[in-house]
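Per-entry structural report
Here is how the chains run, residue by residue.
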Amino acid sequence: MTLSGDVLLFFCVLYVGALFMIAFLVDSVAKRRRVRWLSSPVVYTLSISVYCTSWTFYGAVGSAARNGLEFITIYLGPTLVFIGWWWLLRKLVRIGREQRITSIADMISSRFGKSPSIAVLVTSIALVATTPYIALQLQSVTRSYEAVSGAGDSVSTALWVAVGMAVFTILFGTRSIDSNERHYGVVAAIAVEAVVKFIALVAVGLFVVFNAGGLGEIFSDVPEQVIYGADEIFGPRWTVLMFLSATAVICLPRQFHVTVVENADERNLATASWLFPLYLFGMCIFIVPIAVMGLKTMPAGANPDLYVLTLPLAAGQSELALLAFLGGFSSATSMVIVAAIAVSTMVSNHIVMPIALRFMRRGNEVSDDVRELLLTSRRVSIAVVLGLGYLYLQLSGGSGSLAAIGLVAFAGAAQFLPSLLGGIFWRGANRHGALAGLGIGVALWAYTLLLPSLGPDVVFSSATLQDGPWGIAALRPEALFGLTGLDPLVHAIVTSIGVNTLMFLVVSVLTEESALERIQAVRFVDVFRTQTGDAVTFQADSRDVEALFVLAQRIMGRDAATRLFERLARDQGRKESLPEPTDLMLQRLERELAGSVGAASAHAMITQITGQVPVGMSQLMNIAGETQRLMETSRALREKSAELEETATQLRQANELLRTTDARKDDFLSQVSHELRTPMTSIRSFSEILSEPANIPPAEQKRFVGIIHEESTRLTRLLDEILDLSRLEAGNLEVPLVRTDVHALAHDTVDTISALAAQKGVVLDRQFGADTPAVPANADRLRQVLLNLLSNAIKYNQNADPHVTVRTSSTEQWLHLDVIDNGGGVSQLEARTIFEKFSRGDMAHLDQGAGLGLPISRALMQAMQGDLKVEFTEEETSFFRASLPLGNQASQAAE
Amino acid sequence: MAALPPSRLLLKAKERSLVLLLCGAALLLPPGAQLFHVEGKIGGIPVVLVVLFLIWAALIVAARQSAKALSSSNRDEDFGP
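I will try to describe carefully the structure that is included in this document. (Residues numbered from 1 in each chain as written. Chains lettered and ligands numbered in written order. Predicted model: local features only at pLDDT ≥ 70, side-chain atom pairs only at ≥ 80, totals over all residues.)

Time to look at the overall build of chain A. From N to C terminus, chain A includes 36 helices and seven strands. For chain A, buried positions account for 47% of its 895 residues. Within chain A, contacts between residues at least 6 apart in sequence are counted, and of these 81% link residues at least 24 apart. (Helix = DSSP H or I, 4+ residues; strand = E, 2+ residues; numbered from the N terminus. Buried ≥ 20, exposed ≤ 12 C-beta atoms within 10 Å, placed from the backbone. Contact = placed C-beta atoms within 7 Å.)

All right, on to the overall build of chain B then. A count of helices and strands for chain B gives two helices and two strands. When the elements of chain B are put in sequence order from the N terminus, they spell out α-β-β-α. A sequence separation of at least 24 residues applies to 61% of the contacts in chain B between residues at least 6 apart.

Residue and element names in this part refer to chain A. Alignment of strand β2 (residues 763-767) against strand β4 (residues 803-810), held across five bridges, turns out to be parallel. Note on β4: the bridge partner recorded for Leu764 is Val804. When β4 meets strand β5 (residues 814-821), the two strands line up antiparallel, connected through seven bridges. By the bridge assignment, Thr805 is partnered in β5 with Ile820. (Pairing = 2+ DSSP bridges.)

Hydrogen bonds along the backbone pair up the strands of a sheet, which may run parallel or antiparallel. Residue and element names in this part refer to chain A. As summarised here, the arrangement of the five strands in space is β2-β4-β5-β7-β6, forming an open sheet in which the pairing is mixed. In the strand order of this sheet, the two ends are held by β2 and β6 (867-872), each with one partner. Between one strand axis and the next, the sheet turns through 20° on average, direction left out of account. Bridge analysis of β5 against strand β7 (residues 878-885) gives six bridges, and the strand direction is antiparallel. Counterpart to Val819 in the pairing with β7 is Phe880. Of the strands in this sheet, β2, β4 and β5 are in contact with helix α32 (residues 742-760), which crosses β4 at around 175°. This element, helix α33 (residues 779-795), spans β4, β5, β6 and β7 of the sheet and lies at about 20° to β5. (Axes fitted to C-alpha atoms, helices over the stretch in contact; angles between N-to-C directions.)

Attention now moves to the packing of helix α21 (residues 431-453) of chain A against helix α23 (residues 488-510) of chain A. Residue and element names in this part refer to chain A. Relative to each other, α21 and α23 sit at 165°, their axes nearing to 7 Å. Looking at the two axes, α21 sits roughly antiparallel to α23. Relative to α23, the crossing made by α21 is right-handed. Of the residues contributing to the contact of α21 with α23, the split by class is 16 nonpolar, eleven polar and no charged. (Parallel < 35°, antiparallel > 145°, perpendicular 65-115°, else oblique. Left-handed = near helix turned anticlockwise from the far one by under 90°. Nonpolar A, V, L, I, M, F, W, Y, C, P; charged D, E, K, R; others polar.)

Let us now look at the interface of chain A and chain B. Listed by partner, the interface residues are 36 residues for chain A and 35 residues for chain B. Looking at the side of chain A that touches chain B, the elements with two or more residues in it are α4 (73-84), α5 (86-98), α10 (215-218), α11 (224-228), α12 (236-251) and α14 (268-284) of chain A. Element by element, the count of residues in the side of chain A that touches chain B is highest for α14(A), at seven residues. Taken together, the residues of the side of chain A that touches chain B break down into 23 nonpolar, eight polar and five charged.

Moving on, we come to the nonpolar core. Residue and element names in this part refer to chain A. Ranked by size, the top nonpolar core spans 227 residues in total, and within it Val122, Cys251, Ile290 and Val308 carry the most contacts. Among the elements that line this core, the one with the most residues is helix α17 (residues 318-359), at 21 residues. Dropping the residues within four chain positions of it, Ile290 is found in contact with Val61, Val204, Gly205, Val208, Tyr307, Val308 and Leu311. Formed by 33 residues, the second largest nonpolar core is a distinct cluster that contains Val785, Ile794, Val804 and Leu815. (Core = buried A, V, L, I, M, F, W, Y, C linked by C-beta atoms within 7 Å.)

As structure tokens, then:
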């Protein structure tokens, strides 16, 4: 059962027309406003699924039928990259956005000092590696067309398919040159195609499973060899295939294009990290059942690559076959479109532009001419890419299986891996290393894999393949250096990637990089950490700005260039004129132009106008920027830590102070309780005795009552003193000051105490200075202080002939009131603690004072702006000195 | 998870994905993959097929959990460094 060719053609044209409509509508809408769903993670993931080409759609089943499970490695590799290494992709995306990267060639050349030679080399490799892949798509579309329509002439069919796809891609991909190379319309169309191919493959899978009566039925009598393949399945080839596919999903030009260049939002990667593996999972789940059913039911000799089509056809399901055909067509077209856009961008930016630059003369510029040149060169490149694909198909005779052709392309793209990874993770990687690695890698790839894949007697004769060129066995393409016994693919990968990586490392280490390379190295490797400015290697004056404006017009078109220059001028605060050629302005201009023509070309074009200056001190400073920043960070950290230490010390001190204060408070409380306890105890005991007065003679009773009274008085006095002291310490005790005649007060006080002195046999002397002025003081409080000092002096005087002298004297500022006794005074040691609460001198046992008198006296003196101290004479005897200020104008006025 | 600061969260997600990568590689590459090279069927399907797809599905689910934690608490933050 077949469908007619006309019907197929009609549906193809209809489908392509629908895709074009979608792309056109999306493009025109996206031009006017930001379309949210276009930047959504789902659309992004669907566009990444351009990974699933017709190799997947048809070839996976073919591969499963030939080699069993092996096909699954092609999808497990990318799965591991996306679930486990999305942050590598994130770094690529970030660098791509910051550097306005337009392709993988741009990325690698930009990293290695915007080197044109690297750009050309990478572009050439990409072109050569893409060719077999395009051939694969042409072959699959041709074969599927023939399978469904039954038509015969494959050469002309392939030609028409190639021409159709070229036209399609040119219409799609080169409608304009966007800065940043974003193609919203194309991405939308690719996303639609991703959905179509998914639905088609799953539909065929479901049909096959249900038609066969379930999975159990399908696998019921399948020999193990069908699942595991002829050879050891989990061997070196399995590992190499996983590595290749993991590499391909990063390095294939079209994958790089959709993943990095077309990425609208870094965060989409988080979703793609699981959604893309899920898509692959869905694509693979029915592959083995379809392959097994194909092997079981299709006639021997039927092409396993076409089971997806021929199984529904054989069952008479022409609608399903049509859907499957469209699914395969979708996978082929989406790959061809994206691959051709990616490669043609590289060819035009990195090969055509540099050549054109040589012939561009200043003076006959026309607006848009570079732009036109770019567009034309891209269109031609697309035609060339498809032409090469067609040529490869004809050369290789279309004999190879789809999977084998695809792997050749994968291995070619894998050559970018060392330079790409080294470039973004290793600052020491340089241009020479990249050139050496890429050069030798691609040469070995071509020699060991690409050229032999064309078949014997196309490039290499059978004899060369068998025995090596000129009979040298060590040079046999598929057993180089005597590496025999390996699968040709494993052999090619081990030699090409191995030598590539080694050369890249060794040459990088042995050679010096240029200043621009070092700058780019920091900006790539530390893309998340540094915000270094671009390296300015231009020297422009204001006359050059016009030339730069013309250049921008030629590349971006008149309107876009005018808008850009207006923006640049506005940001410099200018309104009506062209911007000044400052470093910042030149950087921004270079980056904008790089978005259209690539970093290397943009750099060269601006240099052509402005002239180049050697990298100066400031650029070297930029290189050192990272080190500088680290040093600054570490200095800031040191400062912070010193600050913290200081705070900690202060806290420790405060804590210490609090602890001493707390201890003092505890002491005070325990002393107070002790002081209160003594009188309380005697009061209680005597009152208990008196509660039964019958046995006590009246005289005793009277004495006891006397003791109780005395103790109560003492208790009251103690409480008064504590109260006074606490008020004084808190500053709550009011001590109003008035001018007081200290002489009169001292006389009165001495008179008052004379009775006690007489009782104790102490002689009181008075030595009052002549005309002591009146000073601001509180008479009552001063009397209290003097009484306290005198009574202490009298009570504790142990001299046989006790004398106490009260003396007044004055200096310019102070009036001193001294109380001197001949009882021995206090020692130097006692003087230090004597003013503390509850502190008592050696003689304190003679009295029952609580030890609060002196602290209170001192506090009172201080409240009167004066002081109370122990003074020592030359003979080491001591006396108490109360001092009062003589008073100033203010206090006199206040009076 | 949501209490972590964005930079810490990102680091955590990065470490998690690396471990996921290692687990996946250990199970899907030889010699680990050899373990599943056994005769027999589960529900009529060869064991190796079932196991490979189960591992694959488990990896996807784990990656989804990790990505969900990252994006739900980090939606408006800058996605780095």
